[in-house]
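Residue-level structural notes
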Amino acid sequence: MTAAQFQEKLLGMQDYMKNFARTLTADEADAEDLMQDTTLKVLKNREKFVDNVNFKGWVLTIMRNIFINNYHKIVRSQSVIDSNVDAYNVPLLSEGGESTPEGSMDIKEITKAIAELSPLLKEPFSMFVAGYKYHEIAETLNIPLGTVKSRIFFARQELQKKLKDLRG
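Residues numbered from 1 in each chain as written. Predicted model: local features only at pLDDT ≥ 70, side-chain atom pairs only at ≥ 80, totals over all residues. Heavy atoms only, no water.

1. Details of the packing of helix α7 (residues 134-141) against helix α8 (residues 145-163)
For clarity, the cut-off: With axes taken as lines fitted to C-alpha atoms, and helix axes fitted only over the stretch in contact, angles between N-to-C directions fall between 0 and 180 degrees. To qualify as a helix, a DSSP run of H or I must reach at least 4 residues; to qualify as a strand, a run of E must reach at least 2; elements of each kind are numbered from the N terminus. If an angle is under 35 degrees, it is roughly parallel; if it is over 145, roughly antiparallel; if it lies from 65 to 115, roughly perpendicular; otherwise it is oblique. Residue contacts follow a heavy-atom distance rule, with two residues in contact if any of their heavy atoms lie within 4.5 Å. Each residue gets one of three labels, nonpolar for Ala, Val, Leu, Ile, Met, Phe, Trp, Tyr, Cys and Pro, charged for Asp, Glu, Lys and Arg, and polar for the others, Gly among them.
Where α7 meets α8, the axes come as close as 8 Å, and the angle between the chain directions of the two elements is 110°. In terms of their interaxial angle, α7 and α8 are classed as roughly perpendicular. Judged by residue contacts, Tyr-134, His-135, Ile-137 and Ala-138 of α7 engage Leu-145, Val-148, Lys-149, Ile-152 and Arg-156 from α8. For the contact of α7 with α8, the class distribution of residues is six nonpolar, one polar and two charged.

Here you go:
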């Protein structure tokens, strides 16, 4: 893929990147910053992209990793917790469909729970969260489609068990 084709593909991804950045940050300014950081890193690492790999998944994985790394830097740098800062909490909907304070989980706990998954479950689940479709995960990992769906299902079940105490 030429540099021009690569840049054109990246420009075509802007809407996906913006939506994914918003879901990660829940803040418009932070989403813009995350998009810029991701775009720069993708352009800087163009030679690392392999043509037969899903471009969208590759870009969104880079974005997710930048977000997680930035989050960890913020956590390490805060010696005093400012209760007014809520930039990196992921709001979840309660079972009734209403957003509640109890429905907000700390991204640190979620990240930790995902990291504790077995590699067998973590890899397809992380790819799914990054935007890969089931068939793309199956092709990338060279495993059957049904196996991908099962592993993502079991990863979700395991995460629900680990995170149920956080839901209140």
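2. Quick notes on the nonpolar core
What counts is decided by this rule: Side-chain atoms within 4.5 Å link the members of a nonpolar core, which is a set of buried Ala, Val, Leu, Ile, Met, Phe, Trp, Tyr and Cys residues. Exposure classes here rest on a 1.4 Å probe applied to the protein chains alone. A residue is buried below 20% of its type maximum, exposed above 50%, and partly exposed in between.
Among the nonpolar cores identified, the biggest contains 20 residues, and Met-17, Leu-34, Val-42, Phe-55, Trp-58, Val-59 and Met-63 are the most heavily contacted of them. Contributing elements (two or more residues each) for this core: α1 (3-12), α2 (14-25), α3 (28-44) and α4 (55-77). It is α4 that provides the largest number of residues to this core, a total of eight residues. Dropping the residues within four chain positions of it, Leu-34 is found in contact with Ala-21, Leu-24, Thr-25, Met-63, Ile-66 and Phe-67. Among the nonpolar cores identified, the runner-up in size contains 16 residues, and Leu-121, Phe-125, Met-127 and Ile-137 belong to it.

3. With respect to helix α6 (residues 119-129)
If you check which residues of α6 are buried, you get Leu-121, Pro-124, Phe-125, Ser-126 and Met-127. A positive phi of about 115° marks Gly-131, the residue just after α6.

4. Considerations on unusual backbone geometry
Here Ala-26, not a glycine, exhibits a phi torsion of approximately 60°, which is positive. Along the chain, Ala-26 falls in the loop between α2 and α3. Even without being glycine, Asn-142 reaches a positive phi, approximately 60°. Mapping Asn-142 onto the fold places it in the loop between α7 and α8.

5. Overview of the pattern of salt bridges
Filter applied, for reference: By salt bridge we mean one thing: a side-chain nitrogen of Lys or Arg within 4 Å of a carboxyl oxygen of Asp or Glu.
For the coordinates displayed, the defined rule picks out five salt bridges. Between Glu-28 and Lys-18 there is a salt bridge, with its nearest N and O atoms 3.1 Å apart. Placement of the pair is Glu-28 in helix α3 and Lys-18 in helix α2, with a sequence separation of 10 residues. Classification of Glu-28 by relative accessible area gives partly exposed; the value is 40%.

6. So, the confidence of the model for the protein chain
This is how the line gets drawn: A score between 0 and 100, pLDDT records how confident the predictor is in each residue.
The predicted model of the protein chain averages 78 in pLDDT, with 77% of residues at 70 or higher. Ranking the elements of the protein chain by mean pLDDT puts strand β1 (residues 89-93) last with 46 and α3 first with 90. Note on residues 90-105: pLDDT is under 50 here. Beyond four places in sequence and across chains, it has 22 contacts.

7. What to know about the side chain of Asn-54
What counts here: Polar contacts, as used here, are pairs of N or O atoms within 3.5 Å; protein pairs need one atom able to donate a hydrogen and one able to accept it. Residues neighboring in sequence count only if both atoms are side-chain atoms.
For Asn-54, the position within the fold is in the loop between α3 and α4. In this structure the side chain of Asn-54 is engaged in a polar contact, spanning 3.0 Å, whose partner is the backbone nitrogen of Lys-56. For Asn-54, the contacting residues outside a window of four places in its chain are Phe-49, Tyr-132 and Glu-136.

8. Describing the packing of α1 against α3
Helix-helix packing: each pair is described by the crossing angle between the helix axes and the interaxial distance. Basically, it comes down to this: By the definition used in this description, the sense in which the near helix is turned from the far one sets the handedness, with an anticlockwise turn below a right angle giving left-handed and a clockwise turn giving right-handed.
For the pair α1 and α3, the least separation of the axes is 11 Å and the interaxial angle reads 160°. In terms of orientation, α1 lies roughly antiparallel with respect to α3. When you trace α1 past α3, the crossing you get is right-handed. Judged by residue contacts, Phe-6, Gln-7 and Leu-10 of α1 engage Thr-39, Val-42 and Leu-43 from α3. Counted by class, the contact of α1 with α3 contains four nonpolar, two polar and no charged residues.

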